Amino acid sequence: MDYTAGMTSPPDLSFAASLSSAQRTSFYERRKPLAVAMIFTVFFLPFVGLFAGGLFGVVAGVIISVLAYYLTPYLVLKVCGWNRA
């Protein structure tokens with residue numbers, strides 16, 4: 001008997017689909033350590049920016065942390081190929 005029919009790979013994730021709230025939530029729920037790391041990144045990066053560059057550093061820290069939160073699911077799935085978790 002051939003049991004390979006259920007072993008298909010998941011469809012490719014488009015960039016627009018990766019930005020959806022449902023996809024992002026699903027991604028972070030399946031990867032708890034990465035979710036915790038992103039919580040620390042989003043929270044602490046503006047403080048790092050404050051000490052490194054004052055007000056400009058805070059703004060840069062907020063922008064970078066928000067971009068990291070939204071782009072990490074797409075980048076991890078595309079670059080690292082972690083489609084299964």
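The rules behind these values
Residues numbered from 1 in each chain as written. Predicted model: local features only at pLDDT ≥ 70, side-chain atom pairs only at ≥ 80, totals over all residues. Heavy atoms only, no water. Helix = DSSP H or I, 4+ residues; strand = E, 2+ residues; numbered from the N terminus. Buried < 20%, exposed > 50% of the residue type's maximum accessible area, 1.4 Å probe, protein only. Contact = heavy atoms within 4.5 Å. Phe/Tyr/Trp six-rings, centres within 6.5 Å; stacked < 30°, edge-to-face > 60°. Core = buried A, V, L, I, M, F, W, Y, C linked by side-chain atoms within 4.5 Å. Patch = residues over 30% accessible without salt bridge, like charges linked within 9 Å, V, L, I, M, F, W, Y side chains within 5 Å. Areas by Shrake-Rupley, 256 points an atom, 1.4 Å probe, with all protein chains shown as cover. Salt bridge = Lys/Arg side-chain N within 4 Å of Asp/Glu carboxyl O.

Draft legend 1. Focus on the environment of proline 73. Checked against the element boundaries, proline 73 lands in helix α3 (residues 32-80). Of the residues examined, proline 73 reaches a relative accessible area of 0% and is grouped as buried. Measuring from C-alpha to C-alpha, the distance between proline 73 and glutamine 23 comes to 8.3 Å, with 50 residues separating the pair along the chain. Residues within four places of proline 73 in sequence aside, it is in contact with Arg24, Phe27 and Tyr28.

Draft legend 2. Representation of the packing of aromatic side chains. A full pass over the atoms with the stated rule returns seven aromatic pairs. Ring centres of phenylalanine 15 and tyrosine 74 lie 5.2 Å apart, and the angle between their planes is 85°; on these two criteria the pair is classed as edge-to-face. Of this pair, phenylalanine 15 sits in helix α1 (residues 15-18) while tyrosine 74 sits in helix α3, and the two are 59 residues apart along the sequence. For phenylalanine 15, a relative accessible area of 40% gives the class partly exposed.

Draft legend 3. Here's a closer look at the nonpolar core. Of all hydrophobic cores here, the largest spans six residues; its members are Phe27, Tyr28, Ala35, Met38, Val76 and Leu77. Among the secondary structure elements, those contributing two or more residues to this core are α2 (21-30) and α3. Among the elements that take part in this core, α3 stands out by supplying four residues, more than any other. What phenylalanine 27 contacts, discounting residues up to four positions off in sequence, is Leu34, Thr72, Pro73, Val76 and Leu77.

Draft legend 4. Expanded view of a nonpolar patch on the surface. Residues Phe15, Leu19, Val42, Val62, Val66, Tyr69 and Tyr70 make up a contiguous nonpolar surface patch of about 530 Å² in total accessible area. With five residues, the top contributor of residues to the nonpolar patch is α3. Topologically, valine 42 is positioned in helix α3.

Draft legend 5. View of the side chain of serine 65. Locating serine 65 in the fold gives a position in helix α3. Classification of serine 65 by relative accessible area gives buried; the value is 2%. Ignoring anything within four residues of it in the chain, the contact list for serine 65 reads Thr41, Val42, Leu45 and Pro46.

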